[in-house]
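Each chain is listed here by its residues.
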Amino acid sequence: MNKLTPDLYAEAFGILTRKLLKDDCLAMRNSILAKRPEKELITELFQPLLEMMAASESLTPNLSNPLYTQLTPPDEGNVPTFFIRDFFYIYYDIMEHGVSFDDICRHFEDDHGAKWTASILHLEETPSDPVSCVLKSSLDAPEKLAMLQILLDGKTWIEECLLLLKQIAAAIEPIFNKYHSLYTYCDTLVSSKDCQKILLRRMGMTLPQDTCILPCLSLCNMADFYTSFADKTQRSNIVRLGILFCAIDTFSREVFSTEQLSEHLKMFSDPTKLAILSILKKNPLTRVIWQKGSL
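Model, not experiment: these values are computed from the prediction. (Residues numbered from 1 in each chain as written. Predicted model: local features only at pLDDT ≥ 70, side-chain atom pairs only at ≥ 80, totals over all residues. Heavy atoms only, no water.)

## Quick look at the overall build of the protein chain
Right, on to step 1. Within the protein chain, the secondary structure is distributed over 13 helices and 4 strands.
Right, on to step 2. Among the 295 residues that make up the protein chain, the fraction classed as buried is 49%.
Right, on to step 3. Sequence separation of 24 or more characterises 71% of the internal contacts of the protein chain that already satisfy a separation of 6 or more. (Helix = DSSP H or I, 4+ residues; strand = E, 2+ residues; numbered from the N terminus. Buried < 20%, exposed > 50% of the residue type's maximum accessible area, 1.4 Å probe, protein only. Contact = heavy atoms within 4.5 Å.)

Okay, structure coming up:
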(Lines give C-alpha, C1' and ligand atoms only; values in the text may rest on other atoms or scores of the structure.)
Protein backbone atom coordinates (compact mmCIF):
# COMPACT_ATOMS: atom_id res chain seq x y z
CA MET A 1 0.00 0.00 0.00
CA ASN A 2 1.12 3.51 -0.82
CA LYS A 3 0.96 6.34 1.74
CA LEU A 4 -0.01 9.71 0.29
CA THR A 5 1.29 13.08 1.45
CA PRO A 6 -0.97 14.87 3.97
CA ASP A 7 -3.16 17.33 2.09
CA LEU A 8 -4.61 20.63 3.33
CA TYR A 9 -7.71 20.45 1.11
CA ALA A 10 -8.38 16.88 2.18
CA GLU A 11 -8.30 18.15 5.76
CA ALA A 12 -10.71 20.96 4.82
CA PHE A 13 -12.99 18.37 3.22
CA GLY A 14 -12.88 16.38 6.47
CA ILE A 15 -13.95 19.46 8.44
CA LEU A 16 -16.75 20.17 5.94
CA THR A 17 -17.97 16.59 6.36
CA ARG A 18 -17.97 17.03 10.15
CA LYS A 19 -20.10 20.16 9.70
CA LEU A 20 -22.58 18.32 7.46
CA LEU A 21 -22.80 15.52 10.04
CA LYS A 22 -23.27 18.11 12.80
CA ASP A 23 -20.60 16.36 14.85
CA ASP A 24 -20.03 17.48 18.42
CA CYS A 25 -16.32 16.67 18.45
CA LEU A 26 -15.74 17.63 22.08
CA ALA A 27 -18.54 15.34 23.25
CA MET A 28 -17.14 12.62 20.98
CA ARG A 29 -13.71 12.97 22.55
CA ASN A 30 -15.11 12.89 26.09
CA SER A 31 -17.14 9.79 25.27
CA ILE A 32 -14.04 7.97 24.06
CA LEU A 33 -12.02 9.19 27.05
CA ALA A 34 -14.61 7.65 29.35
CA LYS A 35 -14.19 4.25 27.69
CA ARG A 36 -10.48 4.01 26.95
CA PRO A 37 -7.37 3.89 29.16
CA GLU A 38 -5.13 5.94 26.78
CA LYS A 39 -6.25 9.30 28.18
CA GLU A 40 -3.21 11.42 27.28
CA LEU A 41 -2.90 10.05 23.75
CA ILE A 42 -6.60 10.52 22.99
CA THR A 43 -6.49 14.09 24.29
CA GLU A 44 -3.38 14.85 22.24
CA LEU A 45 -4.72 13.43 18.97
CA PHE A 46 -8.16 15.03 19.29
CA GLN A 47 -6.65 18.48 19.83
CA PRO A 48 -5.98 19.32 16.13
CA LEU A 49 -9.58 18.44 15.22
CA LEU A 50 -11.00 20.56 18.04
CA GLU A 51 -8.84 23.51 17.02
CA MET A 52 -9.78 23.13 13.35
CA MET A 53 -13.49 23.08 14.19
CA ALA A 54 -13.09 26.18 16.35
CA ALA A 55 -11.05 28.04 13.70
CA SER A 56 -13.69 27.37 11.02
CA GLU A 57 -16.75 27.77 13.25
CA SER A 58 -18.10 30.77 11.31
CA LEU A 59 -17.81 28.98 7.96
CA THR A 60 -21.06 27.08 7.40
CA PRO A 61 -22.31 25.15 4.36
CA ASN A 62 -25.37 26.35 2.47
CA LEU A 63 -27.61 23.30 2.93
CA SER A 64 -29.64 24.20 -0.16
CA ASN A 65 -26.59 23.31 -2.27
CA PRO A 66 -27.44 19.96 -3.94
CA LEU A 67 -23.84 18.77 -3.46
CA TYR A 68 -24.66 18.49 0.25
CA THR A 69 -27.60 16.17 -0.39
CA GLN A 70 -27.49 13.12 1.83
CA LEU A 71 -27.84 9.75 0.17
CA THR A 72 -30.60 7.41 1.31
CA PRO A 73 -30.18 7.04 5.10
CA PRO A 74 -27.98 4.02 5.83
CA ASP A 75 -28.64 1.26 8.31
CA GLU A 76 -28.75 2.39 11.91
CA GLY A 77 -25.25 2.91 13.27
CA ASN A 78 -23.62 3.81 9.97
CA VAL A 79 -22.55 7.33 9.11
CA PRO A 80 -24.48 8.95 6.22
CA THR A 81 -22.71 10.06 3.06
CA PHE A 82 -23.28 13.04 0.80
CA PHE A 83 -22.92 13.72 -2.93
CA ILE A 84 -19.91 15.93 -2.20
CA ARG A 85 -17.90 12.90 -1.01
CA ASP A 86 -17.70 11.14 -4.40
CA PHE A 87 -17.41 14.47 -6.18
CA PHE A 88 -14.35 15.44 -4.12
CA TYR A 89 -12.62 12.08 -4.51
CA ILE A 90 -13.11 12.03 -8.28
CA TYR A 91 -12.31 15.58 -9.30
CA TYR A 92 -9.63 16.52 -6.77
CA ASP A 93 -6.36 14.72 -7.36
CA ILE A 94 -5.54 13.24 -3.97
CA MET A 95 -3.45 10.70 -5.90
CA GLU A 96 -1.00 13.49 -6.84
CA HIS A 97 -1.27 13.15 -10.63
CA GLY A 98 -1.09 16.87 -11.25
CA VAL A 99 -4.71 18.02 -11.02
CA SER A 100 -4.87 21.03 -8.73
CA PHE A 101 -7.75 22.15 -6.54
CA ASP A 102 -8.52 24.98 -8.97
CA ASP A 103 -9.04 22.46 -11.79
CA ILE A 104 -11.96 20.71 -10.10
CA CYS A 105 -14.79 22.61 -11.80
CA ARG A 106 -13.15 22.37 -15.23
CA HIS A 107 -12.69 18.61 -14.96
CA PHE A 108 -16.33 18.18 -13.98
CA GLU A 109 -17.39 20.21 -17.01
CA ASP A 110 -15.01 18.30 -19.31
CA ASP A 111 -16.69 14.95 -18.63
CA HIS A 112 -20.17 16.43 -17.99
CA GLY A 113 -20.23 14.77 -14.57
CA ALA A 114 -20.00 11.27 -16.08
CA LYS A 115 -17.40 9.89 -13.64
CA TRP A 116 -19.29 11.27 -10.67
CA THR A 117 -22.55 9.77 -11.97
CA ALA A 118 -20.85 6.40 -12.45
CA SER A 119 -19.54 6.50 -8.90
CA ILE A 120 -22.87 7.46 -7.29
CA LEU A 121 -24.81 4.85 -9.30
CA HIS A 122 -22.06 2.19 -9.02
CA LEU A 123 -21.72 1.80 -12.77
CA GLU A 124 -18.82 -0.17 -14.22
CA GLU A 125 -18.22 2.36 -17.00
CA THR A 126 -18.67 6.09 -17.39
CA PRO A 127 -22.01 6.78 -19.10
CA SER A 128 -22.25 8.75 -22.33
CA ASP A 129 -25.51 10.29 -21.09
CA PRO A 130 -25.34 10.88 -17.31
CA VAL A 131 -28.73 12.63 -17.18
CA SER A 132 -30.49 9.66 -18.75
CA CYS A 133 -28.77 7.30 -16.32
CA VAL A 134 -29.97 9.33 -13.35
CA LEU A 135 -33.55 9.43 -14.65
CA LYS A 136 -33.55 5.63 -15.06
CA SER A 137 -31.86 4.96 -11.73
CA SER A 138 -33.45 3.65 -8.54
CA LEU A 139 -32.55 6.76 -6.56
CA ASP A 140 -35.25 8.44 -4.52
CA ALA A 141 -36.91 11.47 -6.13
CA PRO A 142 -35.05 14.06 -3.97
CA GLU A 143 -31.72 12.44 -4.81
CA LYS A 144 -32.54 12.41 -8.54
CA LEU A 145 -33.53 16.06 -8.41
CA ALA A 146 -30.29 17.01 -6.65
CA MET A 147 -28.16 15.06 -9.14
CA LEU A 148 -29.95 16.69 -12.07
CA GLN A 149 -29.39 20.13 -10.57
CA ILE A 150 -25.67 19.40 -10.40
CA LEU A 151 -25.45 17.84 -13.87
CA LEU A 152 -27.52 20.49 -15.66
CA ASP A 153 -26.63 23.63 -13.73
CA GLY A 154 -23.76 22.65 -11.48
CA LYS A 155 -21.18 25.39 -11.98
CA THR A 156 -22.70 27.81 -9.48
CA TRP A 157 -23.13 25.12 -6.83
CA ILE A 158 -19.66 23.72 -7.40
CA GLU A 159 -17.98 27.12 -7.21
CA GLU A 160 -19.85 27.90 -3.99
CA CYS A 161 -18.68 24.64 -2.44
CA LEU A 162 -15.08 25.11 -3.60
CA LEU A 163 -15.02 28.63 -2.17
CA LEU A 164 -16.13 27.28 1.20
CA LEU A 165 -13.45 24.58 1.09
CA LYS A 166 -10.83 27.23 0.29
CA GLN A 167 -12.01 29.36 3.21
CA ILE A 168 -11.90 26.38 5.57
CA ALA A 169 -8.42 25.48 4.28
CA ALA A 170 -7.17 29.00 4.95
CA ALA A 171 -8.66 28.95 8.46
CA ILE A 172 -7.11 25.62 9.43
CA GLU A 173 -3.74 25.92 7.65
CA PRO A 174 -1.85 27.16 10.76
CA ILE A 175 -3.22 24.17 12.70
CA PHE A 176 -2.35 21.82 9.82
CA ASN A 177 1.25 23.06 9.99
CA LYS A 178 1.39 23.14 13.80
CA TYR A 179 0.45 19.48 14.23
CA HIS A 180 2.17 18.06 11.14
CA SER A 181 4.36 15.79 13.28
CA LEU A 182 1.29 13.82 14.39
CA TYR A 183 0.98 12.25 10.94
CA THR A 184 3.79 9.94 12.03
CA TYR A 185 1.17 7.77 13.74
CA CYS A 186 0.01 6.82 10.27
CA ASP A 187 3.61 6.26 9.14
CA THR A 188 4.09 3.82 12.02
CA LEU A 189 0.98 1.87 11.06
CA VAL A 190 1.74 1.72 7.33
CA SER A 191 5.35 0.64 7.89
CA SER A 192 4.25 -2.21 10.16
CA LYS A 193 4.54 -5.67 8.62
CA ASP A 194 1.11 -6.40 10.06
CA CYS A 195 -0.53 -3.32 8.54
CA GLN A 196 -3.04 -5.31 6.47
CA LYS A 197 -4.03 -7.47 9.43
CA ILE A 198 -4.39 -4.44 11.70
CA LEU A 199 -6.63 -2.61 9.21
CA LEU A 200 -8.69 -5.77 8.69
CA ARG A 201 -9.30 -5.97 12.43
CA ARG A 202 -10.05 -2.27 12.84
CA MET A 203 -12.12 -1.74 9.69
CA GLY A 204 -13.70 -5.16 9.30
CA MET A 205 -12.63 -5.43 5.66
CA THR A 206 -9.63 -6.49 3.58
CA LEU A 207 -8.20 -3.59 1.63
CA PRO A 208 -6.93 -4.16 -1.94
CA GLN A 209 -3.15 -4.23 -2.29
CA ASP A 210 -3.19 -1.10 -4.46
CA THR A 211 -5.00 0.96 -1.82
CA CYS A 212 -3.54 4.41 -1.20
CA ILE A 213 -3.58 5.62 2.39
CA LEU A 214 -4.12 9.30 3.19
CA PRO A 215 -3.50 10.31 6.83
CA CYS A 216 -5.91 12.90 8.24
CA LEU A 217 -5.98 15.03 11.36
CA SER A 218 -9.62 16.00 10.77
CA LEU A 219 -10.84 12.40 10.66
CA CYS A 220 -9.11 11.69 13.98
CA ASN A 221 -10.99 8.61 15.25
CA MET A 222 -12.52 7.72 11.89
CA ALA A 223 -11.59 6.01 8.63
CA ASP A 224 -13.19 6.33 5.22
CA PHE A 225 -12.64 3.88 2.34
CA TYR A 226 -13.53 4.88 -1.20
CA THR A 227 -13.27 2.96 -4.46
CA SER A 228 -14.08 4.53 -7.79
CA PHE A 229 -16.34 2.58 -10.15
CA ALA A 230 -15.85 5.09 -12.93
CA ASP A 231 -13.43 3.12 -15.10
CA LYS A 232 -12.49 -0.55 -14.98
CA THR A 233 -8.96 0.19 -16.15
CA GLN A 234 -8.33 3.14 -13.81
CA ARG A 235 -10.14 2.19 -10.65
CA SER A 236 -8.65 3.82 -7.59
CA ASN A 237 -8.86 2.75 -3.97
CA ILE A 238 -8.26 5.35 -1.28
CA VAL A 239 -8.58 5.07 2.47
CA ARG A 240 -8.40 8.16 4.65
CA LEU A 241 -7.20 7.26 8.14
CA GLY A 242 -7.60 9.49 11.17
CA ILE A 243 -4.50 9.72 13.32
CA LEU A 244 -6.29 8.36 16.41
CA PHE A 245 -7.67 5.51 14.32
CA CYS A 246 -4.06 4.72 13.37
CA ALA A 247 -2.77 4.95 16.94
CA ILE A 248 -5.39 2.97 18.87
CA ASP A 249 -7.18 -0.27 18.12
CA THR A 250 -10.70 0.49 19.31
CA PHE A 251 -11.60 -3.18 18.85
CA SER A 252 -8.77 -4.50 21.01
CA ARG A 253 -9.41 -6.21 24.29
CA GLU A 254 -8.42 -4.01 27.19
CA VAL A 255 -8.01 -4.25 30.93
CA PHE A 256 -11.15 -2.78 32.46
CA SER A 257 -11.36 -0.86 35.70
CA THR A 258 -13.93 -2.07 38.25
CA GLU A 259 -16.34 0.64 37.10
CA GLN A 260 -15.90 -0.19 33.41
CA LEU A 261 -16.32 -3.90 34.06
CA SER A 262 -19.52 -3.19 35.95
CA GLU A 263 -20.91 -1.16 33.04
CA HIS A 264 -20.01 -3.84 30.47
CA LEU A 265 -21.59 -6.60 32.56
CA LYS A 266 -24.82 -4.61 32.79
CA MET A 267 -25.09 -4.98 29.01
CA PHE A 268 -25.71 -8.70 29.35
CA SER A 269 -28.80 -8.06 31.47
CA ASP A 270 -30.40 -6.06 28.63
CA PRO A 271 -31.91 -8.45 26.01
CA THR A 272 -31.73 -5.83 23.23
CA LYS A 273 -28.07 -5.00 23.81
CA LEU A 274 -27.23 -8.69 24.10
CA ALA A 275 -28.94 -9.38 20.77
CA ILE A 276 -26.90 -6.60 19.13
CA LEU A 277 -23.67 -8.11 20.47
CA SER A 278 -24.67 -11.51 19.09
CA ILE A 279 -25.25 -10.05 15.63
CA LEU A 280 -21.89 -8.28 15.66
CA LYS A 281 -20.13 -11.44 16.74
CA LYS A 282 -21.61 -13.41 13.82
CA ASN A 283 -21.13 -10.61 11.27
CA PRO A 284 -17.86 -8.73 11.87
CA LEU A 285 -18.25 -6.88 8.55
CA THR A 286 -21.20 -4.99 10.00
CA ARG A 287 -18.84 -2.97 12.16
CA VAL A 288 -18.90 0.69 11.22
CA ILE A 289 -15.85 1.88 9.30
CA TRP A 290 -16.37 5.46 10.48
CA GLN A 291 -15.95 4.31 14.06
CA LYS A 292 -17.01 7.03 16.49
CA GLY A 293 -15.71 5.31 19.57
CA SER A 294 -15.30 1.92 21.18
CA LEU A 295 -17.86 -0.34 22.77
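## Some words on the packing of aromatic side chains
Right, on to step 1. Inspection of every chain in the model, using the stated rule, returns 11 aromatic pairs.
Right, on to step 2. An angle of 75 degrees between the planes, with centres 6.3 Å apart, marks the rings of phenylalanine 13 and tyrosine 89 as edge-to-face. With a gap of 76 residues between them, phenylalanine 13 in helix α1 (residues 8-21) and tyrosine 89 in helix α4 (residues 83-91) connect regions that are remote in the sequence. Exposure class is identical for phenylalanine 13 and tyrosine 89. Each is buried.
Right, on to step 3. With a centroid separation of 6.1 Å and 65 degrees between ring planes, the pair formed by phenylalanine 176 and tyrosine 183 is classed as edge-to-face. Considered together, phenylalanine 176 and tyrosine 183 belong to a single accessibility category, that of buried residues.
Right, on to step 4. Each member of the aromatic cluster is reached from another via a ring pair, and the members are Tyr9, Phe13, Phe88, Tyr89, Tyr92 and Tyr226. (Phe/Tyr/Trp six-rings, centres within 6.5 Å; stacked < 30°, edge-to-face > 60°.)

## Let's talk about the state of the cysteines
Right, on to step 1. Summed over all chains, the structure comprises 0 disulfides.
Right, on to step 2. In this structure cysteine 186 is not part of a disulfide, and its nearest cysteine sulfur, from cysteine 246, lies 4.0 Å away.
Right, on to step 3. A residue is classified by how much of its surface remains accessible, and cysteine 186, at 0% relative accessible area, is buried.
Right, on to step 4. The thiol of cysteine 216 is unpaired, and the distance to the nearest cysteine sulfur, on cysteine 186, comes to 8.7 Å. (Disulfide = S-S within 2.5 Å.)

## Details of the sheet that holds strand β3 (residues 223-227)
Right, on to step 1. Read from one edge of the open sheet, 4 strands run β1-β2-β4-β3, paired in mixed fashion. For this open sheet the edge positions go to β1 (2-3) and β3, each flanked by a neighbour on one side alone.
Right, on to step 2. With 2 bridges joining them, β1 and strand β2 (residues 212-216) adopt parallel strand pairing. Directly across from asparagine 2, in β2, lies its bridge partner cysteine 212.
Right, on to step 3. Across the face of the sheet, helix α10 (residues 195-203) comes into contact with β2, β3 and β4 (237-242) while running at roughly 75 degrees to β4. (Pairing = 2+ DSSP bridges. Axes fitted to C-alpha atoms, helices over the stretch in contact; angles between N-to-C directions.)

## Details of the packing of α4 against helix α6 (residues 114-121)
Packed helix pairs are specified by the crossing angle of their axes together with the interaxial distance, meaning the distance between the axes.
Right, on to step 1. Running from amino to carboxyl end, α4 crosses α6 at an angle of 130 degrees, the nearest separation of the two axes being 9 Å. By the angle between their directions, the pair α4 and α6 is classed as oblique. Of the two elements, α4 crosses α6, and the hand of that crossing is right-handed. Contacts from Phe83, Asp86, Phe87, Ile90 and Tyr91 of α4 reach α6 at Ala114, Lys115, Trp116, Ser119 and Ile120.
Right, on to step 2. When the residues that make up the contact of α4 with α6 are grouped by side-chain class, the tally is 7 nonpolar, 1 polar and 2 charged. (Parallel < 35°, antiparallel > 145°, perpendicular 65-115°, else oblique. Left-handed = near helix turned anticlockwise from the far one by under 90°. Nonpolar A, V, L, I, M, F, W, Y, C, P; charged D, E, K, R; others polar.)

## Side note on helix α2 (residues 25-35)
Right, on to step 1. If you check which residues of α2 are buried, you get Cys25, Met28, Arg29, Ile32 and Leu33. The buried residues of α2 occupy an angular sector of 135 degrees when projected down its axis, which confines them to one face.
Right, on to step 2. In this structure, the buried side of α2 is in contact with α1 and α3 (39-55). (Arc of directions from axis to C-beta.)

## A closer look at the pairing of β4
Right, on to step 1. Of all 6 residues in β4, 6 are buried; the element is thus mostly enclosed.
Right, on to step 2. Side chains Asn237, Val239 and Leu241 project from β4 onto one buried face, and the interleaved Ile238, Arg240 and Gly242 project onto a second face that is buried too.
Right, on to step 3. As judged from the 5 bridges shared by β2 and β4, these two strands associate in the parallel manner. Paired with isoleucine 213 across the two strands is valine 239, which belongs to β4.
Right, on to step 4. Relative to β4, β3 runs antiparallel, the two being bridged by 5 bridges. In the strand pairing of β4, alanine 223 is matched with leucine 241.

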